[in-house]
Amino acid sequence: MALVAGVDSSTQACKVVVRDAETGVLLRSGRAVHPAGTSVDPEEWWRALGAAVAAAGGLEDVSALSVAAQQHGMVALDAAGKVVRDALLWNDTRSAAAADALVAELEGGAAAWASAVGSVPLASFTVAKLRWLAEHEPDHARKTAAVCLPHDWLTWRLRGSPGIDELTTDRSDASGTGYWSATDGYRADLLRMALGAVPVVPTVKAPAQAVGTLPGGAILGPGAGDNAGAALGLDAAAGDVLISIGTSAVVSAVSDRPTADPTGEIAGFADATGRYLPLVCTLNGVGVLHAVARLLGVALDQLSRLALQASPGAEGLVVVPYFAGERTPNRPDASGALHGMTVDNVTPGNMARAAVEGLLCGLADGLDRLRLAGIPVTRLLLLGGGARSEAVRRLAPTVLGLPVEVPDPSETVADGAARQAAWVWSGADHPPAWKATASATYDAPFAPFVRERYAVVRDLTARRMPGD
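First things first, this report covers the structure right here in the doc.

Calculation rules
- Residues numbered from 1 in each chain as written.
- Predicted model: local features only at pLDDT ≥ 70, side-chain atom pairs only at ≥ 80, totals over all residues.
- Heavy atoms only, no water.
- Helix = DSSP H or I, 4+ residues; strand = E, 2+ residues; numbered from the N terminus.
- Buried < 20%, exposed > 50% of the residue type's maximum accessible area, 1.4 Å probe, protein only.
- Pairing = 2+ DSSP bridges.

Backbone geometry follows two general trends: most residues other than glycine have a negative phi, and most peptide bonds adopt the trans configuration. Look at the link from threonine 328 to proline 329: it is a cis peptide, with omega at 0°. Note on placement: proline 329 falls in the loop between strand 20 (318-320) and strand 21 (337-339). For histidine 72, which is not a glycine, the phi torsion comes out positive at approximately 75°. Its place among the elements puts histidine 72 in the loop between strand 5 (62-69) and strand 6 (75-77). Phi is positive for aspartate 235, close to 55°, though the residue is something other than glycine. A relative accessible area of 48% means that aspartate 235 is categorised as partly exposed.

Take a look at the structure:
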């Protein structure tokens, strides 16, 4: 029996699963936490990977491994392969002004960017972080000889840190940089516009192309961005929409055609199979629930129970969940807001319900954007840490307007990486046909008035004050 391993190096933690290459049966797993923050020393990811691998029983009997990880993070390396500065993560919004400047500088603006690389730069994108580096840390920018993403760097480290010219990536993660096109490859002109130079960038490998081996001989797959990893782990097909609620909240759809949205609301990403993954991402996921639970002095399971005890619409209370600023809509400096307070409706139950409904309304807006772009929506899959909340599961259909399927709790992103590893190991033309993950379906009557109230107030938010 051949074994494969999949890694998910997320914002919060590193997870490792070891599965049977042919059947996909889970044999063992491990986990280790990452430090908090929006900029992190990549060595912390390496430390966590080692700890998670050890907790999963090691890799000595593993035939292949792939790494999936958080997208966009900027890992800058010098000519010797040393990290120049802490990596700026996807949720670091200091590069918001840099993103705006890049959009303005390219002739044709947002539409030209969408046509060039499928997406319009936002603070999250690597290209905007490179511009920020050039403007605010010119010494670090001059030392930067290569730029890669979190999964690229971890894969490179697993190969023994060869020269920077041997960095590799895959099309799903490359599509989130802002300087790679699924049809035209890297855009050196956009790299130079951002950094003032053209650094070494990872070679983009095919979805099932081996990129090297571990010291023990296990084959290394090309890896993937986390959202593409989740889609592969769930064997998502065209028309499937993944709604993932983690540190961020994401609505992504598997599509057979690329997307180029000049509004910038849809990121035109690639997936991990050769297809596409148009995606709408918000900065605010389970953190919204944690914040309101903290305010009410309850645990998350208690917050869920309170929300389910309140009536739909929370008696007029509406939470706009821009607690960490926002990416979609593009409001990096926005703050959250609570609207509709009266003497009678400010209760723990209504507060809890308004938080869940506000989070789901933001995701419903993302679903609408996909539909407006002509992307088919036939099935909703709810996943991520937020999907463990019973209130999120039960209220999702009332806000999204469709039943939702919730796969059994698993490490979906790591599972996708493991499935890719099995694909690479097999040498087949397609990923292995592992048994589908069991799921529960939640359905409830659509409550359009919840979204209508949210639409009235979602733009009535203030900018965060300096020091917030």
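For the rest of this paragraph, the subject is the pairing of strand 18 (residues 267-270). Neither face of strand 18 is exposed, since Ala267 and Phe269 on one face and Gly268 and Ala270 on the opposite face are all buried. Where strand 18 lies against strand 19 (residues 276-282), 4 bridges are found, and the strand directions are antiparallel. Bridging across to strand 19, phenylalanine 269 finds its partner in leucine 277. Counting the residues between successive antiparallel strands, the hairpin from strand 18 to strand 19 contains 5 residues, one of them, glycine 274, with a positive phi of roughly 110°.

Within the secondary structure, proline 321 is located in the loop between strand 20 and strand 21. For the pair proline 321 and serine 161, spaced 160 residues apart in sequence, the C-alpha to C-alpha distance is 41 Å.

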